[in-house]
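# Examining the three-dimensional arrangement
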Amino acid sequence: MTRLASFACIGVVLYIVAVTVGVVFYIVVGAVAVAVAVAVVFVVCFLDQVLCSRDVTIGVISPIGAVLRILGFRGFFRVLGFLSYFGVLNYLGYLGVLREVAVGVVVGGVVVAVGFLLFLLVIGVVEVGKRRAVQVPAHLRTGPVLAPKTLRWVRGLLPGDEGAAWLAEVGSCLAETTDKGERRRYVRSYRRKIPQLIWTSWTEHLSASRQRELL
Amino acid sequence: MTVAVQAVLGALLQQPDTELYGLEIVKASGLEPGTIYPILQRLRGAGWVSDRWEDPEPAHTEGRPPRRYYQLTMEGRTRAIHTLQSGRDRSGLSRLLAPPPAAPTPEAGPA
């Protein structure tokens, strides 16, 4: 009985060690992958903002912005197709690397995202509880939200008072649109542009924070 | 500069001394409202456009929420005109800025 218990304990310990090693492996691989991705996105965003914020000629001055705009998401899939053409993806799939990386990216992504946010807090780019660049009247922050419920969740994803300002503007626009069909079309338009809105809000916010620091 | 940004600038340049609110810009530019907000954000961040919220009192009197008005700054106006008229603009600035075509005048003389 004692020997059996010892084997059981060893088994449990080995199992825990194996799971821990696996999780750490996923986190490390994923964290590196996502960190590189975040760094690239951040550098591109920063260069894009720095090079283009003066005269809003994205795609003309910034070669990176131009390439991103020309390629877009279709370019990403073209690259995937290019790799697939040479059997690279099949090779990776055979090794099961894609599955490992996918799991690692999900697990590591959370870690990196939290770490990245903490980093931004530490260096002062993101300031909790401080008034942001957008000045919004008090009645818009405290007043009733007129935007439809399907759009209200966006408020929490935008920096500072930008969410309140956006919702107030959406509510104002929809309140003055009497035609129901047009109203539905406008709501769909707002919903469709949410990713672009979030991206623009945060890049403008970070750019403004950086400029305030430099001043 | 994208066609959408040009359209927003064209709408604001049509009445450069007048403040326009979102719905007016939507109708003047022909764009969807979801499209113009991020553009106005970028223009505001670049200093091309200034904005202000309407006082709530007159809006409540009219029974509607306060509007957010936008207007080109002097710098923005100059740079927008310059940029739109420069050689980089190949997508119809003249069409955006041109005055509406005059109505055809009936020809004089016997038919």
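Sequence positions are assigned chain by chain, starting from 1 and proceeding in written order. Numbering of ligands from 1 and lettering of chains from A proceed in the order in which they are written. With pLDDT at 70 or above as the cut-off, local features in this predicted model cover only qualifying residues; side-chain atom pairs require 80 or more to be listed or tallied, and sums for whole chains, interfaces and linings still use all residues. Hydrogens and waters are ignored; side-chain quantities use all the structure's heavy atoms.

### A short note on the overall build of chain A
Every helix listed is a DSSP run of H or I at least four residues long, and every strand listed is a run of E at least two residues long, numbered separately from the N terminus. Across its full length, chain A carries nine helices and zero strands. Reading the secondary structure of chain A in the N-to-C direction produces α-α-α-α-α-α-α-α-α. Looking at the 215 residues of chain A, the share that counts as buried comes to 29%. In chain A, the share of contacts with a sequence separation of at least 24, taken over all contacts with a separation of at least 6, comes to 60%. The classification of residues rests on relative accessible area computed with a 1.4 Å probe and restricted to protein chains. Under 20% of the type maximum is buried, over 50% is exposed, and intermediate values are partly exposed. Throughout, a residue-residue contact means that at least one pair of heavy atoms, one from each residue, lies within 4.5 Å.

### A short note on the overall build of chain B
Of the regular secondary structure elements, chain B holds six helices and three strands. Tracing chain B from N to C terminus, the helices and strands come up as α-β-α-α-β-α-β-α-α. A burial count over chain B gives 47% of its 111 residues as buried. Taking contacts inside chain B between residues at least 6 apart in sequence as the whole, the part at least 24 apart equals 58%.

### Looking at the packing of aromatic side chains
All names here are of chain A. Whether two aromatic rings pair depends on their centres lying within 6.5 Å, for rings of Phe, Tyr and Trp, where Trp uses its six-membered ring; planes under 30 degrees apart make the pair stacked, over 60 edge-to-face, and the rest tilted. Using the criterion set out here, one finds two aromatic pairs over all chains in the structure. With a centroid separation of 5.9 Å and an interplanar angle of 85°, the aromatic rings of Trp 166 and Tyr 190 are classed as edge-to-face. Taken as a pair, Trp 166 in helix α7 (residues 162-175) and Tyr 190 in helix α8 (residues 180-192) lie far apart in primary sequence, 24 residues in all. Tyr 190 shares its class with Trp 166; the two are buried.

### Some thoughts on the pattern of salt bridges
Where charged atoms from two side chains of opposite charge come close, those side chains can pair. Salt bridges are defined by distance alone: a side-chain nitrogen of Lys or Arg within 4 Å of a carboxyl oxygen of Asp or Glu. With the rule as written, the count across this model stands at eleven salt bridges over all chains. A salt bridge links Arg 67 of chain B to Glu 176 of chain A, with the shortest nitrogen-to-oxygen separation between them at 2.8 Å. Separated into two different chains, Arg 67 of chain B in the loop between α4 (56-61) and β3 (68-72) and Glu 176 of chain A in the loop between α7 and α8 make up a pair that spans both. Among the residues examined, Arg 67 of chain B registers a relative accessible area of 13% and is labelled buried. Here Arg 52 of chain B ties to Glu 19 of chain B by a salt bridge, and the two come within 2.9 Å at their closest N and O atoms.

### A few points about the sheet that holds β3 of chain B
All names here are of chain B. Strands are treated as partners if at least two bridges between them are detected by DSSP. Taken together, the three strands give an open sheet; going across it, the order is β1-β3-β2, and neighbouring strands pair in antiparallel fashion. Unpaired on one side and paired on the other, β1 (20-21) and β2 (49-53) mark the two borders of the sheet. Two elements, β1 and β3, share two bridges in a ladder whose sense is antiparallel. Bridge assignment links Tyr 21 to a residue of β3, and that residue is Tyr 69. The strands touched by helix α1 (residues 3-14) are β1, β2 and β3; relative to β3, the strand with the most contacts, the crossing angle is about 90°. The convention used is that axes are lines fitted to C-alpha atoms, helices contributing only their stretch in contact, and that angles between N-to-C directions extend from 0 to 180 degrees.

### Focus on the confidence of the model for chain A
Residues and elements named next belong to chain A. Taken residue by residue, chain A gives an average pLDDT of 68. The fraction at 70 or more is 48%. In the model of chain A, helix α2 (residues 63-85) stands out as the element of lowest mean pLDDT, 53, in contrast to α8, which has the highest, 89. Below pLDDT 50 for its whole length, residues 51-63 participates in 29 contacts with residues either more than four positions away or in separate chains. Each residue gets a pLDDT score, which is the predictor's confidence in that residue and runs from 0 to 100.

### A look at the packing of α1 of chain B against helix α2 (residues 22-29) of chain B
Residue and element names in this part refer to chain B. For the pair α1 and α2, interaxial distance at closest approach is 9 Å and the crossing angle is 110°. It follows that α1 is roughly perpendicular to α2 by the angle criterion. Packed against α1, whose contacting residues are Ala 7, Val 8, Ala 11, Leu 12 and Gln 14, the element α2 presents Ile 25, Ala 28 and Ser 29 at the interface. By the definition adopted for this analysis, an angle is roughly parallel if under 35 degrees, roughly antiparallel if over 145, roughly perpendicular if from 65 to 115, and oblique otherwise.

### A look at the confidence of the model for chain B
Note that predicted coordinates carrying low pLDDT should not be read in detail. For chain B, the mean per-residue pLDDT works out to 79, and 77% of the residues sit at or above 70. Among the prediction metrics, the complex's ipTM stands at 0.74, with pTM recorded as 0.52.

### Re the packing of α8 of chain A against helix α3 (residues 33-45) of chain B
The N-to-C vectors of α8 of chain A and α3 of chain B enclose an angle of 45°; their axes lie 7 Å apart at closest approach. By the criterion of interaxial angle, the relationship of α8 of chain A to α3 of chain B is oblique. Contacts between α8 of chain A and α3 of chain B pair Tyr 186, Ser 189 and Tyr 190 of chain A from the former with Pro 33, Gly 34 and Thr 35 of chain B from the latter. Amino acids outside the nonpolar list (Ala, Val, Leu, Ile, Met, Phe, Trp, Tyr, Cys, Pro) and the charged list (Asp, Glu, Lys, Arg) are all regarded as polar, and Gly is one of them. Each residue belonging to the contact of α8 of chain A with α3 of chain B can be placed in one class, and the counts come to three nonpolar, three polar and no charged.

### Some remarks on a nonpolar patch on the surface
All names here are of chain A. Where nonpolar side chains cluster on the molecular surface, the patch consists of Val 12, Tyr 15, Ile 16, Val 19 and Val 23 and spans about 460 Å² of accessible area. Examined against the element boundaries, Val 23 turns out to sit in helix α1 (residues 2-52). Val 23 sits in the partly exposed class, given a relative accessible area of 38%. Patch definition: residues with relative accessible area over 30% and no salt bridge; like charges joined within 9 Å; nonpolar side chains (Val, Leu, Ile, Met, Phe, Trp, Tyr) joined within 5 Å. Computed with a 1.4 Å probe, the accessible areas rest on the Shrake-Rupley method; for each residue, only the protein chains presented here act as cover.

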